Amino acid sequence: MGLAPGFGPEKVDVPDRSATEQENSPAASFRGAGFISGPAKRKASELYAENMAIAHYEELGWPVERLGKPYDLHCTRDGEEKRVEVKGTTGSAAKVLLTSNEVDHARNPQHTVDLYVVGDIRIAGEGYSASEGRDLHFKDWFPADEDLTPRNFDYSLPLGG
């Protein structure tokens with residue numbers, strides 16, 4: 001598994017899977033994030049991933065509040081706070097799309113941010129029902145420069161006279 005520099009396996013929760021299941025997983029091909037066409041399908045994928053993340057943290061004893069912005073989930077327990085950014089994709093969990101605000105928020109030393117990713121989500125039916133998926137949980141996530149690829153830039157137009 002390719003991890004960010006200084007981001008060791010002790011900070012990643014990966015559910016136990018058989019060797020055959022891992023080899024046959026779409027994630028084994030290291031496809032990127034799936035681009036979901038249409039806002040309704042995208043919303044179904046995001047909601048499904050958030051629900052999986054909520055179940056994960058509640059199972060660990062964290063009460064969870066769904067926020068949406070500036071991050072997805074707010075968890076508090078015994079005076080401790082954890083902020084969670086959740087990503088859901090129909091592609092593998094090899095790559096996810098982040099906004100500059102999400103990166104800035106995760107890099108802020110004033111708080112702890114986890115990244116919870118659900119890949120290989122299946123979207124079906126007219127009601128866009130989401131199912132399946134494989135989750136990865138990155139504790140104390142800090143996106144390093146070398147792990148980020150710029151996809152868009154703001155360009156200030158020169159205003160001539």
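All of the points below concern the structure found in this document.

Rules used throughout
- Residues numbered from 1 in each chain as written.
- Predicted model: local features only at pLDDT ≥ 70, side-chain atom pairs only at ≥ 80, totals over all residues.
- Heavy atoms only, no water.
- Helix = DSSP H or I, 4+ residues; strand = E, 2+ residues; numbered from the N terminus.
- Buried < 20%, exposed > 50% of the residue type's maximum accessible area, 1.4 Å probe, protein only.
- Contact = heavy atoms within 4.5 Å.
- Phe/Tyr/Trp six-rings, centres within 6.5 Å; stacked < 30°, edge-to-face > 60°.
- Pairing = 2+ DSSP bridges.
- Salt bridge = Lys/Arg side-chain N within 4 Å of Asp/Glu carboxyl O.
- Arc of directions from axis to C-beta.

**Considering the overall build of the chain**
The helix and strand inventory of the chain stands at 3 helices and 6 strands. Along the chain direction, N to C, the helices and strands of the chain fall in the order β-α-α-β-β-β-α-β-β. For the chain, the proportion of its 161 residues judged to be buried stands at 32%. A sequence separation of at least 24 residues applies to 61% of the contacts in the chain between residues at least 6 apart.

**Brief notes about unusual backbone geometry**
Each neighbour pair has its own omega, and for Lys69 with Pro70 the value is 0°, a cis peptide bond. Here Pro70 lies in the loop between strand E2 (64-66) and strand E3 (73-77). One non-glycine residue, Asp120, adopts positive backbone phi at about 60°. Examined against the element boundaries, Asp120 turns out to sit in strand E5 (residues 113-124). Relative accessible area serves as the criterion here: at 4%, Asp120 is assigned to the buried category. A positive phi angle, near 60°, is found at Glu132, a position not held by glycine. As for its position among the elements, Glu132 is in strand E6 (residues 129-138).

**Overview of the packing of aromatic side chains**
Per the counting criterion, the structure on display carries 1 aromatic pair. Measuring from ring centre to ring centre gives 6.4 Å for Tyr57 and Tyr116, while their planes differ by 55°; the resulting arrangement is tilted. You can see Tyr57 sitting in helix H2 (residues 39-59) and its partner Tyr116 sitting in strand E5, a full 59 residues away along the chain. Given the relative accessible area of 1%, Tyr57 is considered buried.

**Some points on the pairing of E5**
The element E5 is largely enclosed, with a buried count of 9 among its 12 residues. As defined by bridge partners, E5 adjoins E6 across 9 bridges and the pair is classed as antiparallel. Across the sheet, residue Ile123 finds its bridge partner in E6, namely Ala130. In this structure, the hairpin formed by E5 and E6 is closed by a connection of 4 residues, where Gly125 is found at a positive phi of approximately 80°.

**Overview of the pattern of salt bridges**
Within this structure, the stated rule accounts for 7 salt bridges. A salt bridge links Lys82 to Asp114; the nearest nitrogen and oxygen atoms lie 3.5 Å apart. Of this pair, Lys82 sits in strand E4 (residues 80-88) while Asp114 sits in strand E5, and the two are 32 residues apart along the sequence. The two residues Lys82 and Asp114 agree in class, both being buried. The salt bridge involving Arg107 is made with Asp145; its shortest N-O contact spans 2.5 Å.

**With respect to helix H3 (residues 100-107)**
In an α-helix there are 3.6 residues to a turn, and that puts residues three or four apart on one side. Taken together, the buried positions of H3 are Glu102, Val103, His105 and Ala106. For H3, the arc enclosing every buried residue in end-on projection is 165°, short of the 170-degree limit, so these residues lie on one face. Set apart from the buried face of H3 by more than 90 degrees, the exposed residues are Ser100 and Asn101. Structurally, H3 contributes buried residues whose contacts are with E4 and E5.

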